[in-house]
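Structure assessment
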Amino acid sequence: MISFIAGRFAQSIVVMLTVGLIAFAMFRFVGDPINNMVGQDTTAEQREQLRERLGLNDPFYVQYARFALNAVQGEFGQSYFHRRPVSELLVERMPATLELSLIGAVLALVVGVPAGVYTALNRNGILSNLIMSGSLLGVSIPTFLIGIILILVFGVVWRVLPTFGRGDVVDLGWWTTGFLTASGLKSLILPSVTLALFQLTLIMRLVRAEMLEVLRTDFIKFAKARGILTRSIHFSHALKNSLVPVITITGLQLGSIIAFAIITETVFQWPGMGLLFIQAVLEVDIPVMAAYLVVIGFVFVFINFIVDILYFVVDPRLRADRAGSGH
Amino acid sequence: MALLDIKNIRVDFPTRRGVFTAVENVTLSVNPGEILGCVGESGAGKSTIGNTVIGLLEPPGRMSEGEIDLDGKRIDNLPYEAIRKIRGRRIGMIFQDPLTSLNPLQTIERQLVETITTHLPLNEGEARQKAVDLLDRVGIPEADIRIGQYPHQFSGGMRQRVVIALALCADPEVIIADEPTTALDVSIQAQILDLMRELCRERQVGMIIITHDMGVIADITDRVAVMYHGKVVEEGPTQKILGNPDHPYTQSLISAVPRPDVRLKRFPLVEYIESAGEARKELDVANHWLGKARDFEAMDGPLLTLEKLHMRFVTRNAILPRDRRYLDAVKDVSFDIKQGEVFGLVGESGSGKSTVARMIAGLYKPTGGNIFFAGGELTALRTEREKDRYRRQMQMIFQDPYSSLNPRMRVLDIVAEPIRFHNLADDRKETETIVLDLLEHVGLGAAAAVKYPHEFSGGQRQRISIARALATRPRFLICDEPTSALDVSIQAQILNLLKDLQQELGLTMMFISHDLPVIRQMCDRVGVMRHGQLCEVAETEELFENPQHEYSKHLLDLMPKLDVLSHEGLEVEQTK
């Protein structure tokens, strides 16, 4: 198991270096950084000095190594637009995105898994059919449209929920949270529902399909033939066996919740990393774009790594020492 | 009054095209300490009976007539909760495949303890003690330690013991075993059947064994019911039914069972089987395409020679060589096959017999040793062109008739593919004529050409595979368990067909099977394999009458004795 984890860890590092390379390449290929930094009246000589001082004349691999080392320490340079260190900007914006994603993911899981189980167990029930048809809408309507519809209904027509921003936040020094104020919590509702809806339907359909598959297996039939309680068959035998693929997809989806928060954040003017990124694209703020790419890449790699370890927890067949299982 | 009484039941499956009746007018009963066999071919409705008794019919199936009594009380009309309490507590069930019958994510302990505490008023500790005792009783060594393990840590035979222990958890009065040994090797099968017989006597359990295997029936049952098309055609004491059957179906079924004790010229024609109708069209082989142009260079000596053939698989790869793990599936196997003979290879699962076949056919590349075929060295061939020349002369028939045919191709194209690939016919028209002749030759009829594989039954599909194998006009045919997936009567037909073709075309054959009686019917010489090694090679009659190697003796000992079977209408082949 340790060699497996070490292998996955090494793979993760390779992936991160590649993501870093792509982010780094942006500096070189998306416009000239010196042009972006200095005014029009800077002389060629001054430009050359600046180029030398920033190390832009060094060979490609030296620059890349410097970029990677800085990135590991959370150092991504200065934002051209905000004139502040990128890391500072990110740390400022990260709580907003993470809180939104967390609520979105929890919502998707807490509603999605039970709904999947319910529709699998009551395959032909009226409520099941309603949920299944409703989930088709969830899958097929694009996120921004859902957001706009929610804003229209709850913000414009009924005027019950705020439609932009985080509301009042409490600053804990290293983290700003919206969980502690009423307006903060209210502001979370619409964006998190919007963000969760697609993932929710996906998880629900996945759980349902896996459950139906497992309920057809021989060991479920054998458990029934032994008179095991129905509740135990459904939850302790069937559900646990259908979780392995669900964990994989949920892990990946959690990553994309954070990444795709961009759209939701834009619709709801949510002051998170996604909004920062959109602004950076508009202003050609390359350090911010590069840093965002690296951070999102890291989130994906990290979650996948956790998912791989979770397999061991769920499935004993992987845990066994593969060399000698007692026969 | 019997312990379990199944009275005149009928089970219907409503489908879109009307009601399908799986079981009709079935009346069976079993007494304490008695083993009732329920035998029949696939689709006869045997498993449906077991599922009906325990209330586990797959919807939309339902019992529309009759009643089922347990110890004098009717149980088929009970509400769900009441029937659930009977399951496992009073009626235990054992299924066919021990590999899929256990929850892979729970320890054996959890599964046993849950079952025990569901039915008996014991606490966790007492339940665990009972579980350990049960495992001990069904013959699992170090039960106290092994109870904490997961199913994948047990071998197939051990898992079936665990399944039996699970069925015994709450001391049921009746046990229904649905093909309990079909997925197991002969030696494991013998142990499991012994165990079941003992338990039945010791606990005075009434047992119903559902199987297609006459060997199991003859070995363990007291009474037997023969099922055909959802009906019981004959029922009585096992000795009587097997030795002197009254019903023509039972007679033909029994005559189709391969005998371990004598070699038959061919199996008597079985009339009672669907799809046996299409008569084979005899071909004048000498003047037909199939017999003509068999441009094989004449040769002396054996057709195929294996010299110290070795196959090693990597089971765990690692960067450091010392961390790698290997499995030597075939270890230094040498034998030869003479022209025109049928050579049998017999062994239990994992003995390496299929690996040998795959190496000869070129599907695996041996890690050591040489293969000589028709004067050439196969292991020395490098270019595809050279290999194709030999591939044409050598064809293979696989075990599973369902996965060895491309479902998206018509039968015509399936059979024509090798002819086209090797450019064996002059034009389209000729190819088509050859394919139609071949299909008639294997007893399918020319009309089969335009159909797709899914329109055929298992036996018919195996005929398609045979036609495809013959389409290259091969001189050597490798049959890897060609009838293991088929019913007894279909098996008899296919074996007859292979025998006929072998004689007409002068084919040399390698016949792989785990089934000793089938080997005796088919082969001239036999090699016995175990753990990748060849134990013994002998003339078939010699091996059966006077085995030399310990393992051969052991295998022959375990073979179910079918002495009770009626010998009526059998044509025994005289040994040379």
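Residues numbered from 1 in each chain as written. Chains lettered and ligands numbered in written order. Predicted model: local features only at pLDDT ≥ 70, side-chain atom pairs only at ≥ 80, totals over all residues. Heavy atoms only, no water.

In the nomenclature of an unreviewed UniProt entry, chain B corresponds to ABC transporter ATP-binding protein from the organism Hwanghaeella grinnelliae. Comment text from UniProt for chain B, heading Sequence similarities (unreviewed entry), reads "Belongs to the ABC transporter superfamily." The record held by UniProt for chain B lists under Subcellular location (unreviewed entry) the comment "Cell inner membrane". (UniProt positions renumbered as here; feature names shortened; annotations may be inferred.)

The name that an unreviewed UniProt entry assigns to chain A is ABC transporter permease, with the source organism given as Hwanghaeella grinnelliae. The record held by UniProt for chain A lists under Subcellular location (unreviewed entry) the comment "Cell membrane".

Once that is clear, we can look at the overall build of chain B. Within chain B, the secondary structure is distributed over 19 helices and 20 strands. In terms of overall size, chain B behaves like a compact globule, its C-alpha atoms giving a radius of gyration of 26 Å where 576 residues would be expected to give roughly 25 Å. Across its three principal axes, chain B shows a C-alpha extent of roughly 75 × 60 × 45 Å. Looking at chain B residue by residue over its 576 residues, the buried ones come to 56%. Of the contacts formed within chain B by residues at least 6 apart in sequence, a portion of 71% connects residues at least 24 apart. For chain B, the computed accessible surface area is about 24,800 Å², with 48% contributed by carbon and sulfur atoms. Put simply, chain B has 69 plus and 83 minus side-chain charges, and the middle of one group is 5 Å from the middle of the other. (Helix = DSSP H or I, 4+ residues; strand = E, 2+ residues; numbered from the N terminus. Rg over C-alpha atoms; globule rule 2.2 N^0.38 Å. Buried < 20%, exposed > 50% of the residue type's maximum accessible area, 1.4 Å probe, protein only. Contact = heavy atoms within 4.5 Å. Areas by Shrake-Rupley, 256 points an atom, 1.4 Å probe, with all protein chains shown as cover. Lys, Arg positive; Asp, Glu negative; His and termini not counted. Charge placed at Lys NZ, Arg CZ, Asp CG, Glu CD.)

The interface is formed by 35 residues belonging to chain B together with 26 residues belonging to chain A. With both chains or domains summed, chain B and chain A bury close to 2,800 Å², and 57% of this area falls on carbon and sulfur atoms. Inspection of the region where chain B meets chain A yields zero salt bridges. Looking at the side of chain B that touches chain A, the elements with two or more residues in it are helix H2 (80-86), strand E6 (91-94), helix H3 (108-119) and helix H6 (156-168) of chain B. Its residues assigned to classes, the side of chain B that touches chain A comprises 14 nonpolar, 13 polar and eight charged. (Buried area = accessible area lost by both parts, 1.4 Å probe. Salt bridge = Lys/Arg side-chain N within 4 Å of Asp/Glu carboxyl O. Nonpolar A, V, L, I, M, F, W, Y, C, P; charged D, E, K, R; others polar.)

For an α-helix the count is 3.6 residues per turn, leaving residues at separations of three or four pointing the same way. Residue and element names in this part refer to chain B. Taking 1.5 Å of rise per residue, 18 residues should cover 26 Å, and helix H7 (residues 186-203) covers 26 Å from first to last C-alpha, within 8% of that figure. If you check which residues of H7 are buried, you get Ser-187, Gln-189, Ala-190, Ile-192, Leu-193, Leu-195, Met-196, Leu-199 and Cys-200. Just past H7, the residue Gln-204 takes up positive phi, approximately 55 degrees. (Expected span 1.5 Å × (residues − 1).)

A word on the confidence of the model for chain A. Averaged over chain A, the pLDDT score is 85; the fraction of residues at 70 or greater is 95%. Mean pLDDT values over the elements of chain A span from 70, in helix H2 (residues 33-37) of chain A, up to 93, in helix H9 (residues 218-225) of chain A. (pLDDT = per-residue confidence, 0-100.)

Moving on, we get to a nonpolar patch on the surface. Residue and element names in this part refer to chain A. A cluster of nonpolar residues, Leu-102, Val-106, Leu-109, Val-110, Val-111, Leu-172, Trp-174, Phe-179, Leu-180 and Leu-185, forms a patch on the protein surface that exposes about 940 Å² of accessible area. By residue number, the principal contributor to the nonpolar patch is helix H5 (residues 86-121), which donates five residues. Its location among the elements puts Leu-102 in helix H5. (Patch = residues over 30% accessible without salt bridge, like charges linked within 9 Å, V, L, I, M, F, W, Y side chains within 5 Å.)

Of all residues in chain B, 95% attain a pLDDT of 70 or more, and the chain-wide mean is 87. The secondary-structure element of chain B with the lowest mean pLDDT is helix H12 (residues 384-393) of chain B, recorded at 85, while strand E3 (residues 35-39) of chain B shows the highest, at 95.

All names here are of chain B. In space, the four strands of this open sheet follow the order E2-E1-E4-E5, with antiparallel pairing throughout. Every interior strand has two partners, whereas the edge strands, strand E2 (18-30) and strand E5 (73-74), have only one. Packed on one face of the sheet, helix H1 (residues 46-53) meets strand E1 (4-15), E2 and strand E4 (62-70) and runs near 110 degrees to E1. (Pairing = 2+ DSSP bridges. Axes fitted to C-alpha atoms, helices over the stretch in contact; angles between N-to-C directions.)

We now examine the domain arrangement of chain B. According to the domain assignment, chain B consists of domain 1 (1-90 + 174-182 + 211-243) and domain 2 (304-558). For domain 1 of chain B and domain 2 of chain B, the distance between their C-alpha centres works out to 38 Å. (Domains from an automatic or database assignment.)

This part takes up the UniProt feature "transmembrane region" (unreviewed entry) in chain A. UniProt feature "transmembrane region" (unreviewed entry): in the numbering of this structure it lies at residues 12-30, 100-121, 133-158, 243-270 and 290-314 of chain A. Here residues 133-158 of chain A runs as 88% helix and 0% strand, with 26 Å between its end C-alpha atoms.

Turning our eyes to something else, we now look at the sheet that holds E6 of chain B. Residue and element names in this part refer to chain B. One open sheet accounts for six strands, arranged E6-E7-E8-E3-E9-E10; its pairing is mixed. Pairing within the sheet leaves two strands with one partner each, and these edge strands are E6 and strand E10 (231-237). Each adjacent strand pair in this sheet contributes to an overall mean axis angle of 15 degrees, direction not counted. Bridge analysis of E6 against strand E7 (residues 174-178) gives four bridges, and the strand direction is parallel.

Take the packing of aromatic side chains next. The tally for this structure, following the rule as stated, stands at 12 aromatic pairs over all chains. Measuring from ring centre to ring centre gives 4.6 Å for Phe-335 of chain B and Phe-343 of chain B, while their planes differ by 10 degrees; the resulting arrangement is stacked. When sorted by exposure, Phe-335 of chain B lands in the same class as Phe-343 of chain B, which is buried. Note that Arg-226 of chain A overlies the ring of Phe-222 of chain A, its terminal NZ or CZ placed 4.8 Å from the centroid. If you follow Arg-312 of chain B out to its NZ or CZ, it ends over the ring of Tyr-326 of chain B, 4.4 Å from the centre. (Phe/Tyr/Trp six-rings, centres within 6.5 Å; stacked < 30°, edge-to-face > 60°. Lys NZ or Arg CZ within 6 Å of the ring centre and 35° of its normal.)

Among the secondary structure elements, Asn-317 of chain B is positioned in the loop between strand E11 (304-316) and strand E12 (325-337). Sequence-wise, Asn-317 of chain B and Phe-456 of chain B are 139 residues apart; in three dimensions their C-alpha atoms are separated by 42 Å.

Residues and elements named next belong to chain B. In terms of strand pairing, E1 meets E2 through nine bridges, oriented antiparallel. Bridged to Val-11 within E2 is Val-23. From the end of E1 to the start of E2, which pair antiparallel, there are two residues.

Residues and elements named next belong to chain B. The sites that carry the UniProt feature "domain: ABC transporter" (unreviewed entry) are, in the present numbering, residues 4-254 and 309-556. From the first C-alpha to the last, residues 4-254 spans 28 Å; its make-up is 38% helix and 27% strand. Helix and strand shares over residues 309-556 are 38% and 25% respectively, and the end C-alpha atoms of the span are 26 Å apart.

On to the pattern of salt bridges, then. Residue and element names in this part refer to chain B. Counted according to the given criterion, the structure contains 38 salt bridges over all chains. As a salt-bridge pair, Lys-7 and Asp-69 come within 2.8 Å of each other at their nearest N and O atoms. Of this pair, Lys-7 sits in strand E1 while Asp-69 sits in strand E4, and the two are 62 residues apart along the sequence. Using a relative accessible area of 7% as the deciding quantity, one classes Asp-69 as buried. Three or more residues are tied together by salt bridges with common partners; here these are Lys-130, Arg-137, Asp-171, Glu-198, Glu-202 and Arg-203.

So, on to the nonpolar core. All names here are of chain B. Counting residues in hydrophobic clusters, the biggest one holds 77 residues, and the most contacted among them are Val-415, Ile-466, Leu-498 and Phe-511. Looking at this core element by element, the count peaks at nine residues for helix H16 (residues 488-505). Lining this core are residues from two domains, each supplying at least three of them: domain 1 (1-90 + 174-182 + 211-243) and domain 2 (304-558). Residues in contact with Ile-466, not counting those within four places in the same chain, are Ile-397, Val-442, Ile-494, Leu-497, Leu-498 and Leu-501. (Core = buried A, V, L, I, M, F, W, Y, C linked by side-chain atoms within 4.5 Å.)

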